[in-house]
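# A structural walkthrough
Below, each chain spelled out in residue letters.
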Amino acid sequence: MRIGWYINRLRSMGPAEVLHRLGEQRRRIASRRRDDGWERYPSPQLHPVLPGFRHAALAATDAQRQAIAAAAQEMLHGRFSALGRTWPKREPDRLFPAELWRLDPVTGRLWPGAEAHTFDIDFRDGGDLGDIKYVWEINRLQQLPVLAAHLLLSEDNRSRSAIEAAIGSWHSANPPYRGIGWASGIEVALRAISLIVTLDLIGDRLDPATLRKAGEILAASAYWLPRFPSRYSSANNHLVAELAGEYLVGLALGAESEIARSALLNETHKQILADGAGAEQTPTYAAFSAELILLCAAAARQAGTPFPSAAEARLGAFANFVGWLPQKAARFGDDDEGHVLKLGDEPNYIRSVAAAIHGLLGTPGNAPEPDDFRSLFFGAPSGPAPAVHGLQTFTQGGLSVWRGAMNGRNVELTFDHGPLGYLSIAAHGHADALSLTLCIDDEPVLVDPGTWLYGSGGAWRDWFRSTPAHNTLNIEGKSQSTIAGNFNWSHKAVAALVESEPEPHWRLSARHDGYRSRFGVVHQRTLARQADGILITDQLLGGRRQSEIVFQLAAGLHAERHEDTVTVLRGDEVLLAIRFPDAVLDIGAGGDMPGQGGWVSLRFGTRQQAERIAWHGEVGEAGIDIHLAPIHPPQQQKPVPT
């Protein structure tokens, strides 16, 4: 690992965290000497954690049964896809070879296995091995609950054989604490949760040897999780996952951890803010944390010790927050597609988790898709949610949303005035203060660029989270906040909402200080509703600077320039007109290097060229105005009488 990573990481730590890291390192050294081998982790008697899941699964709808069967067939035929990649196909009689747990499907190379102690593997800098996310994804064993549900519903014994083969293979290839599978607590926790759900669905149908191996994996996980927790600057969604795993494994081993339960409840109130937004400034990670908490809340209910109403109310607040987000453009900040119960690709993951929360709480909400996997276990909302419209500001989360009609179109606008991210490293935040997104008739038009990759993303990782990639103002191509590693920032812009006027002629104004130390100015942006559109006013308080103001289009849209006005089209249909102060504009898509043109990443590991509109000019205290006007839809032709 590069020495620069250590230096930047240390700069983000206080004295208490430095002491914690030193103690953690001592425990790692001790672990190398004494903690290896399954014989140290005998399987105890296993107890049901979510027994109600089995009864719920047996009541699956036809659509859910079909979706589960289709996903299970893919797995039974040796096909696995995740994070935008497809693993090499395996033969049905050899679904889980030992090398599968180490294989990077992009590079084709193998990460270290049982020959290496897990703490000796530098997963943050894999070099030519690839991005560790891919290897960890299949090690989460999230295929197993799907196969278990399929076995329960269809009596297809191939699923039982596949589950036994997977558990046996993983157990043999990954003794504690050897290889890449034990290197991160979040991975240990998610794998344990997959095993627990699988056992609760069909544990009585597995052979004793498989149950013993599953119990040993859970026992080793129970030792690992409290010993190497994510704390201080790392205490984000990783900590939620670790605590959820520790709590659920404790129930499975018959020794509920009050410490884990109490800490998880505490994190619920830290990481889901009072207004329902996620503290990490990314809705997908908030949904991931909420799903983990939801699963534990369901287990607590079934154990007869339900979570306090305040914790369940915080889950409900997140679900209500999701109800305001645009359905097809609800992503900003990082998104690595981390889920807990997973059937396959889920384009509406955030809304699925929200619906599951409403299902458990018995409250109205947006209905899940007919084949939704989570609703199989948590139920559906008690009824439809009331339609949301108008202006809504989530003060703690730092996001304003406007939904309404404009020029005959349904418009959804988001305006980000929140913090960079969570805790001192803001690991999953992007430098997107005062950026906006716009949907017209439920389709994305001005979008967040997405994530692309993590450890192997290089300069492109930096681009996708930079200010010039987002729909806001940047100065001289610099980001508001300073990148100091793949999951770290050394300088963080502080944003604040300074004005909010309600409907009907709403007005929002916010500012951030990210450019003050380097350029002596504060960026302030005002959005104001007008009769025929939205007026954007960008100001630099304290001076004048050459600036760039960006509008990133969704993939598949096209921009045409007519002097100082750009029209945005989908095919031949004009959707939006953007009027600039003058015609000093660049419009471009793609390019070999970051910043040459526009790119969007619709999911982890994939990217598409998409046109990026950039105005260039000097901005000062007087500000410059840009006008957005949705264009009336084409008139429907009346049928000609016959």
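Before going into details, it helps to say that this report is about the structure given with it. Since the structure is predicted, the reported quantities are computational estimates derived from the model, not experimental observations. (Residues numbered from 1 in each chain as written. Predicted model: local features only at pLDDT ≥ 70, side-chain atom pairs only at ≥ 80, totals over all residues. Heavy atoms only, no water.)

### Here's the deal with the packing of aromatic side chains
This structure, assessed with the given rule, holds 27 aromatic pairs. Measuring from centroid to centroid gives 6.1 Å for Y134 and F604, while their planes differ by 65°, and the two rings are edge-to-face. Here the residue Y134 occupies a position in helix α5 (residues 132–139), and F604 occupies one in the loop between β20 (599–600) and β21 (608–609), the gap between them amounting to 470 residues. By relative accessible area, which is 2% here, Y134 ends up buried. Under the relative-accessibility criterion, F604 is labelled buried at 0%. With a centroid separation of 5.1 Å and an interplanar angle of 85°, the aromatic rings of Y454 and F604 are classed as edge-to-face. With Y454 in the loop between β7 (443–446) and α16 (458–464) and F604 in the loop between β20 and β21, the pair connects residues that are 150 residues apart, well separated along the chain. (Phe/Tyr/Trp six-rings, centres within 6.5 Å; stacked < 30°, edge-to-face > 60°. Helix = DSSP H or I, 4+ residues; strand = E, 2+ residues; numbered from the N terminus. Buried < 20%, exposed > 50% of the residue type's maximum accessible area, 1.4 Å probe, protein only.)

### Section: the environment of I132
With respect to the helices and strands, the residue I132 is situated in helix α5. The spatial distance from the C-alpha of I132 to the C-alpha of P15 is 30 Å, given a sequence separation of 117 residues. Other than its neighbours up to four places away in sequence, I132 contacts W111, F123 and I180. (Contact = heavy atoms within 4.5 Å.)

### Focus: the packing of helix α7 (residues 157–173) against helix α9 (residues 208–227)
Contact geometry of α7 with α9 gives a least axis separation of 9 Å together with a crossing angle of 50°. When the axes of α7 and α9 are compared, the pair comes out oblique. Both α7 and α9 take part in a crossing whose hand is left-handed. Along the contact surface, α7 presents E164, I167, G168, W170 and H171, while α9 presents T210, K213, A214, E216 and I217. Of the residues in the contact of α7 with α9, the class split is four nonpolar, three polar and three charged. (Axes fitted to C-alpha atoms, helices over the stretch in contact; angles between N-to-C directions. Parallel < 35°, antiparallel > 145°, perpendicular 65-115°, else oblique. Left-handed = near helix turned anticlockwise from the far one by under 90°. Nonpolar A, V, L, I, M, F, W, Y, C, P; charged D, E, K, R; others polar.)

### Observations regarding α7
With 17 residues, α7 ought to run about 24 Å at 1.5 Å a step, and its terminal C-alpha atoms sit 24 Å apart, in line with that. Restricting attention to buried positions, one finds in α7 the residues S159, A162, I163, E164, A166, I167, G168, S169, W170, H171 and A173. (Expected span 1.5 Å × (residues − 1).)

### Some points on the sheet that holds strand β19 (residues 585–588)
Ordered in space as β8-β15-β22-β19, the four strands form an open sheet in which the pairing is antiparallel. Single-partner strands in this sheet number two, and they are β8 (473–475) and β19. Each strand axis lies, on average, 25° off the axis of its neighbour in the sheet, ignoring direction. Across eight bridges, the pairing between strand β15 (residues 545–552) and strand β22 (residues 612–619) is antiparallel. What sits directly across from E548, in β22, is H616. (Pairing = 2+ DSSP bridges.)

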